[in-house]
Amino acid sequence: MSAFPAAEYQSRIAACQAEMQLRGLDALLIFAQESQYYLFGYDGGGYVFFQCTLLTATSATPTLLCRRPDVAQARDTSTIDDIRIWFDAEDANPALQLRDILLEKGLRGAVIGVELETYGLTAGNWENLRQTLAADVTLHDASSLVRTLRLIKSPGEISLIRRAAELADKAIEAAADKAEPGVLDAALAAACLQEILLGGGDVPPAGPLVNSGKRAIYGRGVGGPRMLAEHDQVIVELAASFRRYNCCIERTIVIGPPSAAQHSMFEVVSAAMTQMLAAFKPGQPLGAVDDVHRQVLDAAGFANQRYAACGYSLGATYRPSWMDVPPMIFSGNALTVQPGMVFFPHVMLGDADSGRAVGLGDSVLITAEGAESLSRLPRELIIK
C-alpha cells in the first residue's frame, strides 16, 4: 500500500538521520502525521490523540507508539515493524510508555528532538511529555527538521502532485458547470468533491471553499449553504488530493454579466498573478514573490484589500489544512527558491464596502527555469 518504493523511504530516513547528527540529536520524536507519512509511509489519523514514532540517529528501525485502532493501519501502510500500543483509560498517560521506550533504547541522558509545530502534538500533551521526560532526557524543538527535507519533491512525489493537479482542474470545471441561479452554492462544493473522489483522489484535508455573494470576500469557509442569484459571484478555492499530495487552484465565477468594476478588479488580479509567477526564480528569496504581489495591488489602490501573504508551500498533508506551512509566501521570507519545490501563489481581493471579490491562483512546480503552472485551465474570469 506504500506510495513509494522501499529504497525511497530508506533514502529519506538516511537524510533525516544525517540532519539529526548535524544538529547533535540522538533521537527524534515524530508527532507530525506528514512526517510519519514521508519517512515511513504511515497513512493514518491517530495523530489527533497521542501518537509518536521514535527514530534514533543511528538505527533505521523506528518504534511507533499509538492507540489500538491504529495498529492494523500502521502495519499495512508503513515500513514500521515495531509498533507499541497505549490503551484508553481514565489515568492513561502514553508519555510514561514513551519514556519506557526511550530508556529501553538506551537513551537516558540523550538529546532528543521533538516536533512541536504540528496538529499531532497538543499543548496539553506536550506539557505532559515535557514533565514526564524532564529527568531522563534533554528535549529540543526540531519541528523544522523533516519539514525542510519535505520541501524539495522527488520525481515520484511530483508525479502524484501532477495527478492531483488534473483532478483540481476537473473540480473547477465541475463547479462552473453547476453554477446557475437557484442552485445552492453547496452543490458546487459537492460537484468538486465528486469529481475528485470519482477520479481516484482522496477526500481533501480541507474544503473546498465555495463562497458566494458577499461571502466571497471571506478568506475562509463559512457554515450554511446560500442560494445563487441571477447576478452573483462565487470564489472557488480548493485542493485536490491524490495519495495525500495536494494541488490547489482558485477561480472566480460570475453569474450574469460582470460589472465594469469586476472586470477592472480581475485585470489587476490577473496582472499580479502573471508577475508573481515570473518572480519565482531558483536561487532567489521566496519573499520576492510577495514583493511583486504588494507592488501591483498597492499601485492599483488595493493596499487595504490585499492579504499580507500570497500563498504557501504544498505537499502531503492531513486535516485540518491543505497548507503545508511553513513556508508562507510573504515579503521578507529569505527561503531560497529551489527546483522541486511546489507552491500555491494566489491573489485574493475582497472589498468589504462594495461586497465585490476576485480570487485567482494556480499551483506551480519550481524548475531550473522558473515556475511551471500545474493547471491547464486558463487564468480567466469564468462567466456564466
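Caption draft 1: Up close: the side chain of Asn333. For Asn333, the position within the fold is in the loop between strand 10 (311–313) and strand 11 (342–350). For Asn333, the side chain forms a polar contact with the main-chain oxygen of Met328, separated by 2.8 Å. Those residues in contact with Asn333, other than ones at most four positions away along the chain, are Pro285, Leu286, Gly287, Pro327 and Met328.

Caption draft 2: Seen up close, the environment of Ser354. Along the chain, the position of Ser354 falls in the loop between strand 11 and strand 12 (357–362). Put simply, Ser354 and Ile382 are 28 residues apart on the chain and 20 Å apart in space, counted from C-alpha to C-alpha. At a separation of 3.4 Å, a polar atom in the side chain of Ser354 contacts the side chain of Asp351. In terms of polar contacts, Ser354 uses its side chain to reach the backbone amide nitrogen of Arg356, at 3.2 Å.

Caption draft 3: Structural detail: the sheet that holds strand 6 (residues 138–141). Spatial ordering of the open sheet is given by 4-3-2-1-5-6, a layout of 6 strands whose pairing is mixed. One side of each edge strand has no neighbouring strand; the edge strands of this open sheet are strand 4 (82–86) and strand 6. With direction set aside, neighbouring strand axes in the sheet form an average angle of 25°. The pairing of strand 3 (residues 63–67) with strand 4 spans 5 bridges and is parallel. Following the sheet pairing, Arg67 is matched in strand 4 by Trp86. Helix-sheet contacts for helix 1 (residues 6–22) involve strand 1 (27–30) and strand 2 (52–56), and the interaxial angle to strand 2 is about 70°.

Caption draft 4: View of unusual backbone geometry. Of note, the bond from Arg319 into Pro320 is cis; its omega dihedral lies within 30 degrees of zero at 20°. Turning to its location among the elements, Pro320 is positioned in the loop between strand 10 and strand 11. Put simply, Val325 and Pro326 share a cis peptide bond, and its omega is -5°. With respect to the helices and strands, Pro326 occurs in the loop between strand 10 and strand 11. Located in the positive-phi region is Arg243, a residue other than glycine, with phi close to 50°. Following the sequence through the fold, Arg243 ends up in the loop between strand 8 (232–242) and strand 9 (245–255). Taking the relative accessible area as the measure of exposure, Arg243 reaches 33% and is therefore partly exposed.

Caption draft 5: Focus on the nonpolar core. If you look at the biggest cluster of nonpolar residues, it comprises 46 residues, and the most contacted ones within it are Leu188, Val236 and Leu238. For this core, the secondary-structure elements that each account for two or more residues are helix 7 (155–178), helix 8 (185–198), strand 8, strand 9 and strand 11. It is helix 7 that provides the largest number of residues to this core, a total of 11 residues. Aside from chain neighbours lying at most four places away, what touches Leu238 is Ala168, Ala171, Ile172, Cys192, Pro208, Cys247, Cys248, Ile249 and Trp322.

Cut-offs and rules
- Residues numbered from 1 in each chain as written.
- Predicted model: local features only at pLDDT ≥ 70, side-chain atom pairs only at ≥ 80, totals over all residues.
- Heavy atoms only, no water.
- Helix = DSSP H or I, 4+ residues; strand = E, 2+ residues; numbered from the N terminus.
- Polar contact = N/O pair within 3.5 Å; in protein donor to acceptor, adjacent residues only side chain to side chain.
- Contact = heavy atoms within 4.5 Å.
- Pairing = 2+ DSSP bridges.
- Axes fitted to C-alpha atoms, helices over the stretch in contact; angles between N-to-C directions.
- Buried < 20%, exposed > 50% of the residue type's maximum accessible area, 1.4 Å probe, protein only.
- Core = buried A, V, L, I, M, F, W, Y, C linked by side-chain atoms within 4.5 Å.

In short, geometric facts, not functional conclusions.
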